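# A closer look at the structure
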Amino acid sequence: MDQPLRILYVDDSPFDRELVRDSLAQELDAFHLTVATNRGEFERLLPEGPWDLVLSDFNILGFEGLQVLDAVKARYAELPVVIVTGTGSEEIAVEAMKRGAADYTIKTNQHLQRLPTTIRQALKHHQVAAERDRLFNLSADLLAVVGADWRLAQVNPAWTQCLGWSPEELIGRSPLELVHEDDREALLHARAALSLGEPLRNLENRYRCKDGSYRWLSWNSQPFVESGLVFATARDVTERHERE
């Protein structure tokens, strides 16, 4: 038998808490709701998990949902948080999502009826993200997310295995800092094409290792124009170049 969902629910309104509990009971077969009615209770209960999900009202006496969200993300970065509130403000919803909320639900009968579905979707997204991160970290190829500022935003452990740099030494650096000076012009042309939404295929260049040597990498990259992000993958082709 599956374990019940462990949900930490932050809300100072007894009436609203019952509405949410009744909504969950309609569709979720097994869940355990632990309630925090104020900031002190929340801060005491949060470390007592593990939790599968956090629900939080937006307006809590002396506290607010965004502070709950920030506290959860600071301690458990991947833990899904759903904001449940009577304030149907688009600005609040946008801000909550920007700061890492999994979803945002208004406290009306119509919206609360969909709360179990919202929770399932948040948990499914969390599982998919966890599996994606697992594959990202296990890949033998060098994987990277490049930000809109054209600096490395995320790298996988293969970078360290291939080039010797730790993730902390790479995050925030421009790839141009690591590419051999004779290969920089080609990379600048590739970057311009990616900015226009064109994918990059099989660009080979030399990247500097931490010990000062260079290794040949073959790159494929896919831009996401709306976000400005680029997902890049590279394979070490140094041995082929040495044979040639």
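Residues numbered from 1 in each chain as written. Predicted model: local features only at pLDDT ≥ 70, side-chain atom pairs only at ≥ 80, totals over all residues. Heavy atoms only, no water.

## Describing the pairing of strand β9 (residues 152–155)
Where strand β8 (residues 142–146) lies against β9, three bridges are found, and the strand directions are antiparallel. Pairing of Val145 across the sheet is with Gln154, part of β9. Turn length for the β8-β9 hairpin, with the two strands adjacent in sequence and antiparallel, is five residues, and the turn residue Trp150 shows positive phi of about 60°. (Pairing = 2+ DSSP bridges. Helix = DSSP H or I, 4+ residues; strand = E, 2+ residues; numbered from the N terminus.)

## A short note on the layout of surface pockets
Taken as a whole, the largest pocket spans an internal volume of roughly 460 Å³. Lining the largest pocket are 21 residues, with Glu78, His125, Ala129, Arg132 and Asp133 positioned closest to its centre. If you list the elements that add at least two residues to the lining of the largest pocket, you get α6 (115–138), β8 and β12 (229–236). Residue contributions to the lining of the largest pocket peak at eight residues, all from α6. (1 Å grid on protein atoms, 1.4 Å probe; cavity = no way out; pocket = protein on both sides within 12 Å on 5 of 7 lines; lining within 4 Å. Points joined across faces, edges and corners; volume = space filled by probe spheres on them.)

## Some remarks on the side chain of Ser221
Assignment of secondary structure puts Ser221 in strand β11 (residues 214–224). The buried category is assigned to Ser221, whose relative accessible area is 6%. Those residues in contact with Ser221 that lie beyond four places of it in its chain are Leu194, Pro199, Leu200, Arg201, Val230, Phe231 and Ala232. (Buried < 20%, exposed > 50% of the residue type's maximum accessible area, 1.4 Å probe, protein only. Contact = heavy atoms within 4.5 Å.)

That's the geometry; what it means functionally is another story.
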